[in-house]
Amino acid sequence: MREEFLITRQGRQYVLFAGLLDEAHARGLRSIETELLQVPEEANGMTAIVRARVEMEDGRTFSGLGDANPQNVGRSIAPHLIRMAETRAKARALRDAVNVGATALEELTDGEESPPVEELRPRARRPRQAEEAAPSGEEGPAARRGGRARKSQLELLRTLAVEARGENGVERLERHIGKPLSELTREEAEAWIDRLTPAEGRE
């Protein structure tokens, strides 16, 4: 698993769904099929259950179950229970297929709604050693704060913004920050990821 797809939160390491998919393709992913086993309704506590089946080119198959209900997702995700259950199911099947023990970030459950973007404030973090030179050859603000955000950080930020604030989450976050996500430094991106990441719940 490439390092750019590994995220450390609260001292634990998680893998991004995009990283699992990337690794599976590299190892010969043939197909991913999903099946809705349970439609969320009042009688079952509004719990969606999805089964995913992953097939590799060598014929091996792997499966995983994913569930989602209002108690194990943030309130902003509650209208999308089937989609979240499907994502969790695919993540679990892919983890088995590529032999990754780390939990996918998308598998985390959260009974608390993520704070509104308007209320979020980035926290100061310790400077990092890695620096990038400014285009002029002089050390600019981005270089002094560790360089531009990594691709994996930006991808995770976009995912978290959409989950927290809906389809326009990225645009709303960028307006609040005052600049495009692509212009964030690594430390700024990390600070916003910390704010947007749901608190760890049941796995």
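Every value quoted in this text rests on a predicted model; they were computed, and no experiment measured them. (Residues numbered from 1 in each chain as written. Predicted model: local features only at pLDDT ≥ 70, side-chain atom pairs only at ≥ 80, totals over all residues. Heavy atoms only, no water.)

Enquirer: What is the right way to look at the overall build of the protein chain in this model?
Expert: Assigned secondary structure in the protein chain consists of six helices and five strands. Along the protein chain, helices (α) and strands (β) appear in the sequence β-β-α-β-β-β-α-α-α-α-α when read from the amino end. For the protein chain, with 203 residues in total, the buried portion stands at 42%. Long-range pairs, those at least 24 residues apart, make up 60% of the contacts in the protein chain with a sequence separation of at least 6. For the protein chain, the accessible area works out to roughly 11100 Å², and carbon and sulfur atoms hold 44% of it. (Helix = DSSP H or I, 4+ residues; strand = E, 2+ residues; numbered from the N terminus. Buried < 20%, exposed > 50% of the residue type's maximum accessible area, 1.4 Å probe, protein only. Contact = heavy atoms within 4.5 Å. Areas by Shrake-Rupley, 256 points an atom, 1.4 Å probe, with all protein chains shown as cover.)

Enquirer: How do you make sense of the environment of A24 when you look at a structure like this?
Expert: With respect to the secondary-structure elements, A24 resides in helix α1 (residues 17–26). Separated by 71 residues in sequence, A24 and R95 place their C-alpha atoms 8.9 Å apart. What A24 contacts, discounting residues up to four positions off in sequence, is L29, M56, L94 and V98.

Enquirer: Please clarify how the confidence of the model for the protein chain should be interpreted in this entry.
Expert: Low pLDDT means the predicted atomic positions in that stretch should not be read closely. Mean pLDDT over the protein chain stands at 77; residues scoring 70 or higher make up 77%. Taken element by element, the protein chain is modelled with least confidence in helix α3 (residues 141–144), mean pLDDT 42, and with most confidence in strand β4 (residues 48–56), mean pLDDT 96. Long-range and interchain partners of residues 111–145, a stretch whose pLDDT sits below 50, account for 62 contacts in this model, where long-range means more than four residues apart. (pLDDT = per-residue confidence, 0-100.)

Enquirer: Help me out: how do you make sense of the pairing of strand β5 (residues 61–68) in this one?
Expert: Two faces belong to every sheet, and in a regular strand the side chains alternate between them. Burial along β5 is one-sided: the residues F62, G64, G66 and A68 are buried and none of T61, S63, L65 and D67 is. Alignment of β4 against β5, held across eight bridges, turns out to be antiparallel. What sits directly across from E55, in β5, is T61. Between β4 and β5, which pair antiparallel one after the other, the connecting turn spans four residues, and G59 there sits at a positive phi close to 95°. (Pairing = 2+ DSSP bridges.)

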